[in-house]
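Structural features, examined
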Amino acid sequence: MNRRNILKISALAVLTFSTIGMSHAQKSIVVSSTTSTEQSGLFKHLLPVFEKKTGIQVKVVAVGTGQALDIGRRGDADVVFVHDKVAEEKFVAEGFAEKRIEVMYNDFVLIGPKADPAKTKGKDIQAALQKISNAKSTFISRGDKSGTHAAELRYWKGAGVEVSATQPWYKETGSGMGPALNTASGMNGYILSDRATWLTFKNRGDLAIVVEGDPKLFNQYGVMLVNPSKHPHVKKTEGQAFIDWIISSEGQQTIASYKVEGQQSFFPNAKK
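Keep in mind the model is a prediction, meaning the values are calculated, not measured.

Cut-off values and rules
- Residues numbered from 1 in each chain as written.
- Predicted model: local features only at pLDDT ≥ 70, side-chain atom pairs only at ≥ 80, totals over all residues.
- Heavy atoms only, no water.
- Buried < 20%, exposed > 50% of the residue type's maximum accessible area, 1.4 Å probe, protein only.
- Helix = DSSP H or I, 4+ residues; strand = E, 2+ residues; numbered from the N terminus.
- Arc of directions from axis to C-beta.
- Contact = heavy atoms within 4.5 Å.
- Polar contact = N/O pair within 3.5 Å; in protein donor to acceptor, adjacent residues only side chain to side chain.
- Core = buried A, V, L, I, M, F, W, Y, C linked by side-chain atoms within 4.5 Å.
- Phe/Tyr/Trp six-rings, centres within 6.5 Å; stacked < 30°, edge-to-face > 60°.
- Salt bridge = Lys/Arg side-chain N within 4 Å of Asp/Glu carboxyl O.
- Axes fitted to C-alpha atoms, helices over the stretch in contact; angles between N-to-C directions.
- Parallel < 35°, antiparallel > 145°, perpendicular 65-115°, else oblique.
- Nonpolar A, V, L, I, M, F, W, Y, C, P; charged D, E, K, R; others polar.

Take helix α11 (residues 249–256) next. Of all the residues in α11, the buried ones are G251, Q252, T254 and I255. Down the axis of α11, the smallest arc covering the buried residues is 160 degrees, so these residues share one side. Elements that come into contact with the buried residues of α11 comprise α3 (42–54), β4 (101–113), α10 (236–246) and β12 (267–268).

Attention now goes to helix α6 (residues 125–135). Looking only at α6, the buried set comprises I125, Q126, A128, L129, I132 and S133. Viewed end-on, α6 has its buried residues packed into an arc of 155 degrees, placing them on one side of the element. Among the structural elements, β4, β5 (139–141), α7 (147–158), β7 (190–194) and β8 (207–211) are those in contact with the buried residues of α6. Measuring from the side-chain oxygen of the N-cap residue of α6 to the backbone nitrogen of Q126 gives 3.1 Å; that N-cap residue is D124. Looking one or two places after α6, you find K136, whose phi comes out positive at around 55 degrees.

On to the nonpolar core. Formed by 43 residues in total, the largest nonpolar core has its most connected members in F81, F242 and I246. Looking at this core element by element, the count peaks at five residues for α3. The next biggest cluster of nonpolar side chains, apart from the first, holds 20 residues, and it includes F108, I125, A151 and Y190.

So, on to the side chain of Q126. By the secondary structure assignment, Q126 is in helix α6. Within the structure, the side chain of Q126 is placed 3.3 Å from the backbone oxygen of G158, a separation counted as a polar contact. In this structure, Q126 is in contact with Y155, G158, A159 and K216, ignoring residues within four places of it in sequence.

This next bit is on the packing of aromatic side chains. A full pass over the atoms with the stated rule returns 13 aromatic pairs. Aromatic pair F50 and F242: ring centres 5.3 Å apart, planes at 90 degrees, arrangement edge-to-face. With F50 in helix α3 and F242 in helix α10, this residue pair connects regions lying 192 residues apart in the sequence. When its relative accessible area of 1% is taken as the criterion, F242 is described as buried. On the numbers, 5.1 Å between centres and 75 degrees between planes, the contact of F139 with W156 is edge-to-face. Linking F139 in strand β5 with W156 in helix α7, this pair joins segments that are 17 residues apart in sequence. With relative accessibility at 0%, the residue F139 sits in the buried group. Relative accessible area serves as the criterion here: at 1%, W156 is assigned to the buried category. Each member of the aromatic cluster is reached from another via a ring pair, and the members are F139, W156, W169 and Y170.

Turning next to the pattern of salt bridges. Counting across every chain of the model gives 13 salt bridges. A salt bridge links R195 to D107; the shortest N-O distance between them is 2.7 Å. With a gap of 88 residues between them, R195 in helix α9 (residues 195–200) and D107 in strand β4 connect regions that are remote in the sequence. You'll find R195 and D107 in the same group, each marked buried. Of the charged contacts, one joins D144 and R142 as a salt bridge, the two residues approaching to 2.9 Å between their closest N and O atoms.

On to the environment of V103. The topology assignment puts V103 in strand β4. Residues V103 and F50 lie 53 residues apart in sequence; the distance between their C-alpha atoms is 15 Å. When near neighbours in sequence (up to four residues on either side) are disregarded, V103 contacts F81, Q220, Y221, G222, V223, I246, I247, Q252, I255, P268, N269 and A270.

Below, the discussion takes up the packing of α6 against α7. Following both chains from N to C, one finds α6 and α7 inclined at 80 degrees, their axes separated by 8 Å at the closest point. Classed by the angle they form, the pair α6 and α7 counts as roughly perpendicular. Taken together, the residues of α7 that come into contact with α6 (itself represented by I125, Q126, L129, I132 and S133) are Y155, W156 and G158. Residue composition of the contact of α6 with α7, grouped by class: five nonpolar, three polar and no charged.

Structure (C-alpha coordinates):
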(Lines give C-alpha, C1' and ligand atoms only; values in the text may rest on other atoms or scores of the structure.)
Protein backbone atom coordinates (compact mmCIF):
# COMPACT_ATOMS: atom_id res chain seq x y z
CA MET A 1 0.00 0.00 0.00
CA ASN A 2 1.51 3.32 -1.05
CA ARG A 3 1.79 6.40 1.08
CA ARG A 4 -1.07 8.21 -0.70
CA ASN A 5 -3.56 5.40 0.04
CA ILE A 6 -2.41 5.21 3.65
CA LEU A 7 -3.04 8.95 4.05
CA LYS A 8 -6.52 8.61 2.46
CA ILE A 9 -7.45 5.77 4.83
CA SER A 10 -6.13 7.71 7.84
CA ALA A 11 -8.08 10.81 6.83
CA LEU A 12 -11.24 8.74 6.37
CA ALA A 13 -10.77 7.16 9.80
CA VAL A 14 -10.34 10.56 11.43
CA LEU A 15 -13.43 11.90 9.66
CA THR A 16 -15.50 8.86 10.69
CA PHE A 17 -14.34 9.11 14.30
CA SER A 18 -15.11 12.84 14.36
CA THR A 19 -18.58 12.25 12.90
CA ILE A 20 -19.31 9.60 15.52
CA GLY A 21 -18.04 11.92 18.24
CA MET A 22 -20.23 14.77 16.96
CA SER A 23 -23.24 12.45 16.75
CA HIS A 24 -22.70 11.30 20.32
CA ALA A 25 -22.17 14.86 21.54
CA GLN A 26 -25.47 15.89 19.98
CA LYS A 27 -27.33 13.35 22.15
CA SER A 28 -27.93 15.70 25.04
CA ILE A 29 -30.79 17.61 26.62
CA VAL A 30 -31.31 20.50 29.00
CA VAL A 31 -33.66 19.91 31.92
CA SER A 32 -34.83 22.97 33.85
CA SER A 33 -35.69 21.84 37.33
CA THR A 34 -35.87 22.89 40.95
CA THR A 35 -33.16 23.43 43.51
CA SER A 36 -34.79 20.70 45.63
CA THR A 37 -34.17 17.94 43.09
CA GLU A 38 -30.60 19.16 42.59
CA GLN A 39 -29.58 20.03 46.16
CA SER A 40 -31.18 16.90 47.60
CA GLY A 41 -28.76 14.84 45.52
CA LEU A 42 -31.52 13.11 43.53
CA PHE A 43 -30.15 13.98 40.10
CA LYS A 44 -26.67 12.72 41.02
CA HIS A 45 -28.39 9.42 41.79
CA LEU A 46 -30.70 9.29 38.75
CA LEU A 47 -28.77 10.72 35.83
CA PRO A 48 -25.82 8.30 35.66
CA VAL A 49 -28.31 5.43 35.35
CA PHE A 50 -30.24 7.16 32.56
CA GLU A 51 -27.12 8.32 30.72
CA LYS A 52 -25.56 4.84 30.83
CA LYS A 53 -28.75 3.28 29.45
CA THR A 54 -29.41 5.78 26.65
CA GLY A 55 -26.17 7.63 25.92
CA ILE A 56 -28.11 10.90 26.33
CA GLN A 57 -26.29 13.48 28.44
CA VAL A 58 -28.43 15.64 30.72
CA LYS A 59 -27.58 19.19 31.74
CA VAL A 60 -29.67 20.34 34.69
CA VAL A 61 -30.44 24.02 35.25
CA ALA A 62 -31.57 24.10 38.90
CA VAL A 63 -33.58 27.19 39.85
CA GLY A 64 -36.92 27.91 41.50
CA THR A 65 -39.97 26.38 39.81
CA GLY A 66 -41.14 29.78 38.49
CA GLN A 67 -37.78 30.39 36.85
CA ALA A 68 -37.63 26.82 35.56
CA LEU A 69 -40.97 27.28 33.84
CA ASP A 70 -39.83 30.60 32.37
CA ILE A 71 -36.75 28.85 30.95
CA GLY A 72 -39.13 26.40 29.28
CA ARG A 73 -41.29 29.26 27.97
CA ARG A 74 -38.23 30.78 26.31
CA GLY A 75 -37.32 27.44 24.75
CA ASP A 76 -34.03 27.29 26.63
CA ALA A 77 -34.81 23.80 27.97
CA ASP A 78 -36.09 20.60 26.42
CA VAL A 79 -37.76 19.25 29.56
CA VAL A 80 -39.19 20.93 32.67
CA PHE A 81 -39.24 18.93 35.94
CA VAL A 82 -40.81 20.94 38.79
CA HIS A 83 -43.27 20.94 41.71
CA ASP A 84 -46.07 23.48 41.48
CA LYS A 85 -49.15 21.81 39.97
CA VAL A 86 -51.11 25.02 39.45
CA ALA A 87 -48.21 26.70 37.63
CA GLU A 88 -47.53 23.54 35.62
CA GLU A 89 -51.15 23.30 34.47
CA LYS A 90 -50.97 26.96 33.41
CA PHE A 91 -47.80 26.13 31.43
CA VAL A 92 -49.73 23.42 29.57
CA ALA A 93 -52.79 25.66 29.06
CA GLU A 94 -50.55 28.30 27.49
CA GLY A 95 -49.34 25.71 24.98
CA PHE A 96 -45.75 25.47 26.18
CA ALA A 97 -46.22 21.74 26.81
CA GLU A 98 -48.79 19.29 25.51
CA LYS A 99 -49.21 17.48 28.82
CA ARG A 100 -47.98 17.25 32.39
CA ILE A 101 -47.03 13.87 33.83
CA GLU A 102 -46.79 13.20 37.55
CA VAL A 103 -43.54 11.53 38.56
CA MET A 104 -43.03 11.41 42.33
CA TYR A 105 -43.81 13.15 45.59
CA ASN A 106 -42.37 13.91 48.98
CA ASP A 107 -43.46 16.43 51.60
CA PHE A 108 -42.69 19.81 53.07
CA VAL A 109 -41.67 20.27 56.69
CA LEU A 110 -41.58 23.34 58.89
CA ILE A 111 -38.13 23.84 60.37
CA GLY A 112 -37.55 25.97 63.45
CA PRO A 113 -35.41 26.51 66.54
CA LYS A 114 -35.36 23.50 68.86
CA ALA A 115 -36.62 25.77 71.65
CA ASP A 116 -39.64 26.57 69.42
CA PRO A 117 -40.32 30.09 70.77
CA ALA A 118 -43.61 30.37 68.84
CA LYS A 119 -44.84 27.00 70.23
CA THR A 120 -45.56 25.62 66.76
CA LYS A 121 -44.78 21.96 67.30
CA GLY A 122 -47.40 19.58 65.95
CA LYS A 123 -49.01 18.52 62.66
CA ASP A 124 -51.01 21.62 61.66
CA ILE A 125 -49.01 23.88 59.33
CA GLN A 126 -51.58 26.69 59.22
CA ALA A 127 -51.96 26.82 63.01
CA ALA A 128 -48.16 26.90 63.28
CA LEU A 129 -47.90 29.86 60.91
CA GLN A 130 -50.56 31.74 62.83
CA LYS A 131 -48.48 31.27 65.99
CA ILE A 132 -45.33 32.47 64.24
CA SER A 133 -47.17 35.58 63.05
CA ASN A 134 -48.64 36.27 66.49
CA ALA A 135 -45.24 35.87 68.16
CA LYS A 136 -43.50 37.78 65.37
CA SER A 137 -40.83 35.10 65.39
CA THR A 138 -38.25 35.29 62.61
CA PHE A 139 -39.43 33.49 59.47
CA ILE A 140 -37.21 32.97 56.44
CA SER A 141 -38.96 32.85 53.07
CA ARG A 142 -37.26 31.87 49.84
CA GLY A 143 -39.19 34.67 48.12
CA ASP A 144 -38.13 33.34 44.72
CA LYS A 145 -41.39 32.16 43.08
CA SER A 146 -40.26 28.58 43.52
CA GLY A 147 -42.60 25.66 44.16
CA THR A 148 -41.67 25.82 47.84
CA HIS A 149 -42.35 29.56 47.95
CA ALA A 150 -45.72 29.07 46.23
CA ALA A 151 -46.66 26.40 48.78
CA GLU A 152 -45.56 28.64 51.65
CA LEU A 153 -47.78 31.47 50.39
CA ARG A 154 -50.74 29.08 50.11
CA TYR A 155 -50.25 28.06 53.73
CA TRP A 156 -50.06 31.68 54.92
CA LYS A 157 -53.26 32.44 53.00
CA GLY A 158 -54.95 29.40 54.52
CA ALA A 159 -53.85 30.61 57.94
CA GLY A 160 -55.45 34.00 57.28
CA VAL A 161 -52.11 35.80 57.57
CA GLU A 162 -50.88 38.43 55.13
CA VAL A 163 -47.10 38.45 54.88
CA SER A 164 -44.81 41.05 53.40
CA ALA A 165 -41.10 41.80 53.31
CA THR A 166 -41.99 45.08 55.05
CA GLN A 167 -42.68 43.10 58.22
CA PRO A 168 -39.43 42.99 60.25
CA TRP A 169 -39.88 39.34 61.29
CA TYR A 170 -40.53 38.08 57.72
CA LYS A 171 -37.30 37.82 55.74
CA GLU A 172 -37.19 37.06 52.00
CA THR A 173 -33.90 35.70 50.67
CA GLY A 174 -34.66 35.37 46.94
CA SER A 175 -32.50 32.24 46.96
CA GLY A 176 -32.61 28.48 46.55
CA MET A 177 -33.45 26.05 49.32
CA GLY A 178 -29.90 25.45 50.51
CA PRO A 179 -28.91 29.13 50.88
CA ALA A 180 -32.28 29.90 52.50
CA LEU A 181 -31.70 27.14 55.05
CA ASN A 182 -28.27 28.61 55.74
CA THR A 183 -29.95 31.95 56.45
CA ALA A 184 -32.47 30.31 58.76
CA SER A 185 -29.66 28.54 60.58
CA GLY A 186 -27.72 31.77 60.98
CA MET A 187 -30.75 33.70 62.23
CA ASN A 188 -32.22 30.78 64.21
CA GLY A 189 -35.54 31.30 62.45
CA TYR A 190 -38.40 29.26 61.05
CA ILE A 191 -38.49 28.12 57.44
CA LEU A 192 -40.50 25.83 55.14
CA SER A 193 -38.37 23.23 53.37
CA ASP A 194 -38.86 20.14 51.28
CA ARG A 195 -37.86 17.15 53.38
CA ALA A 196 -35.25 15.83 50.95
CA THR A 197 -33.16 19.01 50.97
CA TRP A 198 -33.43 19.22 54.76
CA LEU A 199 -32.14 15.65 55.10
CA THR A 200 -29.03 16.51 53.06
CA PHE A 201 -28.50 19.88 54.75
CA LYS A 202 -25.49 19.88 57.08
CA ASN A 203 -25.40 23.39 58.55
CA ARG A 204 -28.44 22.87 60.81
CA GLY A 205 -27.21 24.81 63.83
CA ASP A 206 -29.98 24.75 66.43
CA LEU A 207 -32.75 23.93 63.94
CA ALA A 208 -35.03 20.88 63.82
CA ILE A 209 -38.32 19.78 62.26
CA VAL A 210 -41.20 21.28 64.27
CA VAL A 211 -44.20 20.53 62.02
CA GLU A 212 -44.67 17.49 59.79
CA GLY A 213 -47.38 15.06 58.79
CA ASP A 214 -50.08 17.55 57.75
CA PRO A 215 -51.74 16.30 54.51
CA LYS A 216 -51.47 19.88 53.21
CA LEU A 217 -47.67 19.44 53.16
CA PHE A 218 -47.89 16.92 50.29
CA ASN A 219 -45.44 17.91 47.54
CA GLN A 220 -46.04 16.55 44.02
CA TYR A 221 -43.51 16.73 41.18
CA GLY A 222 -44.39 16.76 37.48
CA VAL A 223 -42.44 16.55 34.23
CA MET A 224 -43.21 18.12 30.83
CA LEU A 225 -41.65 18.11 27.38
CA VAL A 226 -41.38 21.67 26.06
CA ASN A 227 -43.67 21.90 23.05
CA PRO A 228 -41.68 21.66 19.77
CA SER A 229 -44.53 23.52 18.05
CA LYS A 230 -43.57 26.56 20.11
CA HIS A 231 -39.83 25.98 19.88
CA PRO A 232 -38.83 23.80 16.90
CA HIS A 233 -35.25 23.37 18.17
CA VAL A 234 -36.46 21.39 21.21
CA LYS A 235 -34.93 17.91 21.19
CA LYS A 236 -38.22 16.04 21.16
CA THR A 237 -36.86 12.51 20.75
CA GLU A 238 -34.19 12.79 23.46
CA GLY A 239 -36.45 14.76 25.80
CA GLN A 240 -39.25 12.24 25.44
CA ALA A 241 -36.74 9.44 26.05
CA PHE A 242 -35.91 11.04 29.41
CA ILE A 243 -39.58 11.36 30.34
CA ASP A 244 -40.36 7.81 29.24
CA TRP A 245 -37.49 6.50 31.36
CA ILE A 246 -38.31 8.55 34.47
CA ILE A 247 -41.87 7.16 34.52
CA SER A 248 -40.82 3.62 33.55
CA SER A 249 -40.49 0.83 36.11
CA GLU A 250 -36.71 1.23 36.08
CA GLY A 251 -36.88 5.01 36.53
CA GLN A 252 -39.46 4.77 39.28
CA GLN A 253 -37.45 2.11 41.11
CA THR A 254 -34.33 4.27 40.82
CA ILE A 255 -36.22 7.18 42.41
CA ALA A 256 -37.47 4.94 45.22
CA SER A 257 -33.97 3.63 45.92
CA TYR A 258 -32.55 7.08 46.70
CA LYS A 259 -32.11 7.45 50.44
CA VAL A 260 -30.49 10.01 52.71
CA GLU A 261 -29.57 8.99 56.24
CA GLY A 262 -31.46 5.77 55.63
CA GLN A 263 -34.68 7.59 54.73
CA GLN A 264 -36.39 7.41 51.35
CA SER A 265 -36.42 10.95 49.98
CA PHE A 266 -38.88 10.72 47.08
CA PHE A 267 -41.79 8.38 46.42
CA PRO A 268 -42.57 7.46 42.78
CA ASN A 269 -46.20 7.74 41.71
CA ALA A 270 -46.20 7.99 37.92
CA LYS A 271 -49.54 6.95 36.45
CA LYS A 272 -48.97 4.26 33.86
